[in-house]
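So you can see what is in the structure, the chains are spelled out below.
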Amino acid sequence: MKILLVAGARPNFMKVAPLLHECDRRDGIRAVLVHTGQHYDDGLSDVFFRDLAIRPPDHELKVGSGSHAEQTAEIMRRFEPVCKVENPDIVLVVGDVNSTMAAALVAAKLGIPVAHVEAGLRSFDRTMPEEINRIVTDAIASWHFTTEPSANENLRQEGIPEDRIHFVGNVMIDTLMTCRKRAASSRVLDDLGFRDGSTQPKPYGVVTLHRPTNVDDPARLKALVKALRQVSATLPLIFPVHPRTSSALDRLSCSGGNSPLRFVEPLGYLDFLQLLAHARLVITDSGGIQEETTILEVPCLTVRANTERPITISSGWNRLVGTDPEALVSACRQELTKGRRRPQRPPLWDGKACQRILDVLTGEKSTKRVRTMDPEP
Ligand code: UD1
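Each chain has its residues counted from 1, running along the sequence as written. Whole-chain, interface and lining totals are the exception, using all residues; otherwise, since this is a predicted model, local features are given only for residues with pLDDT of at least 70 and side-chain atom pairs are given and counted only at 80 or more. Here the side-chain values reflect all heavy atoms present in the structure, with hydrogen atoms and water set aside.

Examining the pattern of salt bridges
For step 1, the next point in the chain: The working definition used for a salt bridge is a side-chain nitrogen of Lys or Arg within 4 Å of a carboxyl oxygen of Asp or Glu. Inspection of every chain in the model, using the stated rule, returns 25 salt bridges.
For step 2, the next point in the chain: A salt bridge links E118 to K15; its shortest N-O distance comes to 2.9 Å. Here E118 is found in the loop between β5 (114-117) and α5 (129-140), whereas its partner K15 is found in helix α1 (residues 10-25), with 103 residues between them in sequence. K15 carries the same exposure label as E118, and that label is buried.
For step 3, the next point in the chain: For D190, the salt bridge goes to R195, with nearest N and O atoms at 3.7 Å. In DSSP terms, a helix is any run of H or I states spanning at least four residues, a strand is any run of E spanning at least two, and both are numbered starting from the N terminus. The buried label goes to any residue with under 20% of its type's maximum accessible area, the exposed label to any with over 50%, and the partly exposed label to all in between, with areas taken from a 1.4 Å probe on protein chains only.

Here you go:
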């Protein structure tokens, strides 16, 4: 069985890594890795290949940045010949970025069955590009691998047949569990001055903001930075800045200066995991970080009006603070005076999601497959 795995942007790499490793461990599976090049900087791409021991991609599409239409179209244009040459039995896509949807569309139209890992998540907010990507990918996938019960329900509501929905857990958490020990030897806390000789780091918070709704409007970003400065007077904050946010901050001529709000370059997987694991508090608009903090048992304040990952809220570690910067400041204040809570781990977030996915894929005969593509390029 030949499985073609697609990765393109930062949040894909930690999901594809354990799947690729699981494929490589199993007899009878040949995995082919395609990197679309949606993300291409060392800090957003190469460092993840090194940290997660992902072998070099078999195909690099090098699409780069562009508008949504340009990027999606370019991925489709360059991915189609790869599918024709490789002629895989399954195209496996992860998450909700443009590369996910573009690759799924190409495969489905060539009659190659698509497996979607992290299917069914819904924010019910169609102004988010990722929500469109999720809906389209799920509409054409043959296997829907889900991370939480809400996703199963969303897929049922959309008419996806029950036998296509497979509740398997969270592959990103597989990676987190595998890497936790290695991350503990990262020197990031020493380098950032949060640990000077003692084993217990000083209290600090971590910030990541990159959603267009938070960073593309200069007035909104300015108000958020002002709120973060206020919080940092009580709790020093470290903010690894995504390139989209970095350009927006440059346009505002905004820097942390000597304030306890420090902007740094994006971090690699192991350094970032170590930073998250010891944080007193995390402020984010990322989807994946809401899940990682849930497992690490670190309070997370999500600067969004909604989340497609409601289990992170019911588990008790994530809270939606909405989009008002004032509300963020008061939520941080409340969080810092709160006592410890009882941990609740979401079901099946146990490090074995990839095994379950491969068990399903290998147990299936490809009877659902409708071949329309030419066997030869
Ligand atoms: C993309 C995903 C988003 C994900 C995020 C994680 C979509 C629709 N969005 O958003 O879901 O949460 O990745 O990072 O797929 N840039 C660089 N170097 C790079 C890549 C991008 O400097 O390696 C800059 C470019 O100027 C680009 C901007 O960052 O225009 C935004 O990149 P893009 O991939 O368009 O969207 P993200 O905001 O990264």
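Here the narrative resumes.
Observations concerning α5
For step 1, the next point in the chain: An expected span of 1.5 Å times one less than the residue number is assigned to each helix. With 12 residues, α5 extends 17 Å from end C-alpha to end C-alpha; this agrees with the ideal 16 Å at 1.5 Å per step.
For step 2, the next point in the chain: All buried positions along α5 are accounted for by E130, E131, N133, R134, T137 and D138. The buried residues of α5 occupy an angular sector of 160° when the element is viewed end-on, so they sit on one face.
For step 3, the next point in the chain: Buried residues along α5 sit against β4 (90-94), α4 (98-109), β5, β6 (143-146) and α6 (149-157). This arc is taken over the directions from the axis of the helix to the C-beta atoms. Two residues qualify as a contact provided that any one of their heavy atoms is within 4.5 Å of a heavy atom in the partner residue.

Notes on the layout of surface pockets
For step 1, the next point in the chain: Site definitions follow a grid-based scheme: protein atoms alone, a 1 Å grid, a 1.4 Å probe that fits but cannot get out for cavities, and for pockets an open set with protein on both sides within 12 Å along at least five of seven lines, plus lining residues having an atom within 4 Å of a point. Grid points are joined across faces, edges and corners, and a volume is the space filled by probe spheres set on the points. Reported here for the largest pocket is a volume of approximately 1100 Å³.
For step 2, the next point in the chain: Around the largest pocket, the lining comprises 49 residues; the ones closest to its centre are A9, P11, H39, H210 and H242.
For step 3, the next point in the chain: Throughout, the ten residues Ala, Val, Leu, Ile, Met, Phe, Trp, Tyr, Cys and Pro are labelled nonpolar, Asp, Glu, Lys and Arg are labelled charged, and all others, Gly among them, are labelled polar. Of the residues belonging to the lining of the largest pocket, the class tally is 22 nonpolar, 16 polar and 11 charged.
For step 4, the next point in the chain: The two domains that each donate at least three residues to the lining of the largest pocket are domain 1 (2-169 + 352-363) and domain 2 (178-336). Throughout the structure description, domain borders are defined by an automatic or database domain assignment.

Overview of the site of the ligand
For step 1, the next point in the chain: If you check the shell around the ligand, you find 16 residues, and the closest are Q38, H39, E130, H210 and R244.
For step 2, the next point in the chain: Any pair of nitrogen or oxygen atoms within 3.5 Å is treated as a polar contact; in protein, a donor-acceptor pairing is required on top of that, and neighbouring residues in sequence qualify only through side-chain atoms on both sides. Contacts to the ligand include Y40, whose backbone N or O atom sits 2.8 Å from an oxygen atom.
For step 3, the next point in the chain: N98 has a polar backbone atom sitting 2.8 Å from an oxygen atom of the ligand.
For step 4, the next point in the chain: Protein burial of the ligand: of its 750 Å² of free accessible surface, 84% is covered by the chains.
For step 5, the next point in the chain: Elements with a contribution of two residues or more to the shell around the ligand: α1 and α11 (243-251).
For step 6, the next point in the chain: Considering only residue class, the shell around the ligand consists of 5 nonpolar, 7 polar and 4 charged. Definition of nearness: a residue and a molecule or strand are near each other if at least one heavy atom of the residue lies within 4 Å of the molecule or strand. Accessibility throughout is a Shrake-Rupley quantity obtained with a 1.4 Å probe, and a residue counts as covered only by protein chains that appear here.

Topic: the packing of aromatic side chains
For step 1, the next point in the chain: Here is the rule: rings of Phe, Tyr and Trp (six-membered ring for Trp) pair when centre to centre is within 6.5 Å. Planes less than 30 degrees apart are stacked, more than 60 are edge-to-face, and the remainder are tilted. Using the criterion set out here, one finds 4 aromatic pairs in the structure.
For step 2, the next point in the chain: Look at F194 and Y204: their rings are 4.3 Å apart centre to centre, the planes differ by 15°, and that puts the pair in the stacked class. On the criterion of sequence distance, the pair formed by F194 in the loop between α8 (188-191) and β8 (205-208) and Y204 in the loop between α8 and β8 is long-range, its members being 10 residues apart.
For step 3, the next point in the chain: A centroid spacing of 5.3 Å and a plane angle of 45° characterise the contact between F239 and F263, whose relative ring orientation is tilted. Taken together, the residues span a long stretch of sequence, with F239 in strand β9 (residues 237-240) and F263 in strand β10 (residues 261-264) at a distance of 24 residues.

Some thoughts on the nonpolar core
For step 1, the next point in the chain: Grouped together as the largest cluster of nonpolar side chains are 61 residues, with contacts concentrated most on L5 and L19.
For step 2, the next point in the chain: If we ignore the near neighbours within four places in the chain, the residues touching L19 are L5, L92, V94, V117, V171, C354, I357 and L358.
For step 3, the next point in the chain: By nonpolar core we mean a set of buried residues, namely Ala, Val, Leu, Ile, Met, Phe, Trp, Tyr and Cys, connected to one another through side-chain atoms within 4.5 Å. L228, A248, L249 and L261 belong to the second-largest nonpolar core, a separate cluster that totals 26 residues.

Details of the state of the cysteines
For step 1, the next point in the chain: Whenever a pair of cysteine sulfur atoms sits within 2.5 Å, that pair is classed as a disulfide. Tallying each qualifying case throughout the model produces 0 disulfides.
For step 2, the next point in the chain: C300 forms no disulfide, and the closest cysteine sulfur to it belongs to C332, at a distance of 11 Å.

Structural notes on the environment of V47
For step 1, the next point in the chain: Here V47 lies in helix α2 (residues 42-51).
For step 2, the next point in the chain: What makes V47 buried here is its relative accessible area of 12%.
For step 3, the next point in the chain: Separated by 157 residues in sequence, V47 and Y204 have C-alpha atoms that sit 24 Å apart.
For step 4, the next point in the chain: Non-local contacts of V47, meaning those with residues more than four positions away in its chain, are made with D42 and G268.

Things to note about the pairing of strand β11 (residues 281-284)
For step 1, the next point in the chain: With burial as the criterion, each face of β11 is covered, one bearing L281 and I283 and the other bearing V282 and T284.
For step 2, the next point in the chain: The criterion for strand pairing is that DSSP finds at least two bridges linking the strands in question. With 4 bridges connecting them, β8 and β11 associate as parallel partners. What sits directly across from V207, in β11, is I283.
For step 3, the next point in the chain: The pairing of β11 with strand β12 (residues 300-302) spans 3 bridges and is parallel. In the sheet register, I283 faces β12, and the bridge partner there is L301.
For step 4, the next point in the chain: Convention used here: a crossover is right-handed provided that the path from the first strand, over the helix, to the second strand proceeds clockwise when the strands point away from the viewer. What joins β11 to β12 is helix α13 (residues 287-296), and the crossover it makes is right-handed.

Remarks on the environment of F13
For step 1, the next point in the chain: Considering the arrangement of structural elements, one finds F13 in helix α1.
For step 2, the next point in the chain: Separated by 127 residues in sequence, F13 and I140 have C-alpha atoms that sit 22 Å apart.
For step 3, the next point in the chain: Ignoring sequence-local partners within four residues, the contact set of F13 consists of A7, G8, H35, L44, S45, F48, F49, L52 and I54.

Looking at the sheet that holds strand β13 (residues 318-320)
For step 1, the next point in the chain: Strand order in the open sheet made by the 6 strands is β10-β9-β8-β11-β12-β13, with parallel pairing throughout. Edge positions in the sheet fall to β10 and β13, since each of these pairs with one other strand and no more. Between one strand axis and the next, the sheet turns by 20° as a mean value, whatever way the strands run.
For step 2, the next point in the chain: Here, axes are lines fitted to C-alpha atoms. For helices the fit covers the stretch in contact, and angles between N-to-C directions go from 0 to 180 degrees. Against the sheet, α13 contacts β8, β11, β12 and β13, and its axis sits at roughly 165° relative to β11.

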